[in-house]
Amino acid sequence: MKKHNFNPGPSILPQFTVENTAKAVLDLDGIGLSVMEISHRSKEFEAILNEAIALFKELLEIPQGYHVLFLGGGASLQFCMVPYNMLEKKAAYLVTGEWASKAFKEAKFFGELLEVASSKDKNFSYIPKGFIIPADADYFHITTNNTIYGTEMKKDIDSPVPLVADMSSDIFSRPVDVSKYAIIYGGAQKNLAPAGVTFIIIKESILGKVTRAIPTILDYRTHIKNGSLFNTPPCLAIYSALQTLKWLKNLGGLNAMHKINTEKARILYDEIDRNKLFKATVTSEEDRSIMNICFIMNDEYKQLEEEFQNFAKSKGLLGIKGHRSVGGFRASCYNALPLESVQALVNAMKEFEKMKI
Ligand SMILES: *Cc1c(COP(=O)(O)O)cnc(C)c1O
């Protein structure tokens, strides 16, 4: 049976990425060695790294003055590296979910923190509006897509201070105006590559403004100077990332990808809104994520949740269990998830409704 992979992360990757990585694990471009067995300073790996950086810049149209880094440690290490490098006195955070809360908590080690707004009062089911970013903050931190709660800031906001964004789960899902950001970072395992590599897009001119001493490996300038080769980077995951970037380019880039993602999300939200058994946890269309689509059963059908979970599994629909803090279901519709998988989920929802009502 065909499997439909709605896992939240690590998650579905393009077949192109999986197959090319499998080949390169056995033999990299006919050199007789695995991509896992060569030096990160070899000319072969340097070509892989350089091409990945070049494609990253091309697809996101990254302006001059920015660097792209591929490091280890996950998005979670960035929760601490960002304030280490940028927080001198005070930083402002928008608290829109569990990851945003973790980023906020970590930054407290480094200075005064201001929670500009939070959506915790309604279990993070919306994006706060009308908040004021203090002009004296060293930076303002946002999480553009809240993977667990299914909300997303789909437009690039204006900020009077350097804007820092965790884009772990919506990078490459849409075009981004990188010039509005000082730093964009994320773990690759949602929309780009297997776990292990973290991407950081960083504007060089924002660095060097804090007075504290920064350990060498946690200083962004170290990695800029060494082109992500200060120490051994996650070579295999970078190879896979390159494959996904090539796949994105072949598909027509981020405008094309965004169109497909919007269509997939529309089809699924339409069915959630129509189906008598289900309801979306995020009600405002503007705030609804096109990557992670969260829904629960209407109160009178709550007891059917487990049954639907098993019904979905019997149809090859995998990974749709909601996070424990939301419950119900979450369909992660990342770039690589085909429209056909969304259609299969919608069909299962319709069929289940017919069985029950
Ligand atoms: C998954 C996720 C993280 C955590 O990433 P790690 O690479 O596991 O540290 C952080 N932020 C967001 C938005 C995520 O979706």
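Note that the coordinates shown come from a computational prediction; the quantities given were computed from them, not determined experimentally.

Here the focus is the sheet that holds strand β12 (residues 292–297). In spatial order, the strands read β11-β12-β14; together these 3 strands make up an open sheet with antiparallel pairing. With partners counted over all chains shown, the strands left at the sheet margins are β11 (278–280) and β14 (329–332), one partner each. Each strand of the sheet is rotated relative to its neighbour by a mean of 35°, with strand direction disregarded. With 4 bridges joining them, β12 and β14 adopt antiparallel strand pairing. Paired with F295 across the strands is F329, a residue of β14. Where helix α7 (residues 253–274) meets the sheet, its contacts fall on β11, β12 and β14, and the angle it forms with β12 comes to roughly 10°.

Turning to the sheet that holds strand β9 (residues 183–187), a few remarks are in order. In spatial order, the strands read β2-β10-β9-β8-β5-β3-β4; together these 7 strands make up an open sheet with mixed pairing. Of all strands in the sheet, those with a lone pairing partner are β2 (66–71) and β4 (112–118), marking the two edges. Across the sheet, the mean angle from the axis of one strand to that of its neighbour is 20°, orientation sign disregarded. With 6 bridges joining them, strand β3 (residues 90–95) and β4 adopt parallel strand pairing. Bridged to Y93 within β4 is E115. Against the sheet, helix α3 (residues 74–86) engages β2, β3, β8 (163–166), β9 and β10 (198–203), with an angle of about 155° to β9.

A few words now on the site of the ligand. Near the ligand you find 14 residues, and of these S76, T147, D166, Q189 and K190 are the closest. Within the side chain of T147, a nitrogen or oxygen atom sits 2.4 Å from an oxygen atom of the ligand. The separation between a nitrogen atom of the ligand and a polar side-chain atom of D166 is 2.6 Å. Out of a free accessible area of 390 Å², the ligand has 88% covered by protein chains. For the shell around the ligand, the leading source of residues is α3, giving 4 residues.

What follows deals with the pattern of salt bridges. By the definition in use, this model includes 17 salt bridges. Here E353 makes a salt bridge to R274, at a shortest N to O gap of 2.9 Å. Within this pair, whereas E353 is found in helix α9 (residues 339–356), its partner R274 is found in helix α7, the two being separated by 79 residues in sequence. Using a relative accessible area of 10% as the deciding quantity, one classes E353 as buried. What makes R274 partly exposed here is its relative accessible area of 41%.

Taking 1.5 Å of rise per residue, the 17 residues of helix α6 (residues 235–251) would be expected to cover 24 Å, and the 25 Å separating its terminal C-alpha atoms lies within 8% of that figure. Where burial is concerned, most of α6 is hidden: 12 out of the 17 residues are buried. Every buried residue belonging to α6 is among C235, A237, I238, Y239, S240, A241, L242, Q243, T244, L245, W247 and L248, and all of these are buried. Buried residues along α6 sit against α1 (15–26), α2 (43–60), β2 and α7. Positioned one or two residues after α6, G252 has a phi angle of 115°, which is positive.

Okay, the nonpolar core next. The nonpolar side chains of soluble globular proteins are, as a tendency, buried together. Counting 56 residues, the largest nonpolar core has F56, L60, F70, F140 and F172 as the members making the most contacts within it. Discounting chain neighbours no more than four positions away, the residues touching F172 are F56, L59, L60, L192, L245, L248, L254, M257 and N335. Core analysis: the next-biggest nonpolar cluster, separate from the first, contains 35 residues, C80, V164, I202 and L218 among them.

How each quantity is defined
All residue numbers refer to position in the chain's written sequence, counted from 1. Residues qualify for local features only when their pLDDT is at least 70, as the model is predicted, and side-chain atom pairs are given and counted only at 80 or more; totals for whole chains, interfaces and linings, by contrast, use all residues. Side-chain numbers come from the whole structure's heavy atoms, not from hydrogens or water. Pairs of strands are assigned from DSSP output, requiring at least two bridges between the strands. The helix and strand labels rest on DSSP assignments: H or I over at least four residues marks a helix, E over at least two residues marks a strand, and numbering proceeds from the N terminus. As a rule, the C-alpha atoms of each element are fitted with a line to give its axis, helices using only the stretch in contact, and angles between N-to-C directions run from 0 to 180 degrees. We call two residues in contact whenever any of their non-hydrogen atoms come within 4.5 Å of each other. It suffices for a single heavy atom of a residue to lie within 4 Å of a molecule or strand for the residue to be listed as near it. In protein, a polar contact means a hydrogen-donor-capable atom and an acceptor-capable atom, both N or O and within 3.5 Å, with residues adjacent in sequence counting only if both atoms are side-chain atoms; elsewhere, any N or O pair within 3.5 Å suffices. For the accessible areas, the method is Shrake-Rupley and the probe is 1.4 Å, while residue cover comes only from the protein chains on display. The salt bridge definition used is simple: a Lys or Arg side-chain nitrogen within 4 Å of an Asp or Glu carboxyl oxygen. Accessible area is worked out with a 1.4 Å probe on protein chains only. A residue is then buried under 20% of its type maximum, exposed over 50%, and partly exposed in between. Every helix has an expected span of 1.5 Å times one less than the residues it contains. Throughout this description, the term nonpolar core refers to a set of buried Ala, Val, Leu, Ile, Met, Phe, Trp, Tyr and Cys residues connected via side-chain atoms within 4.5 Å.

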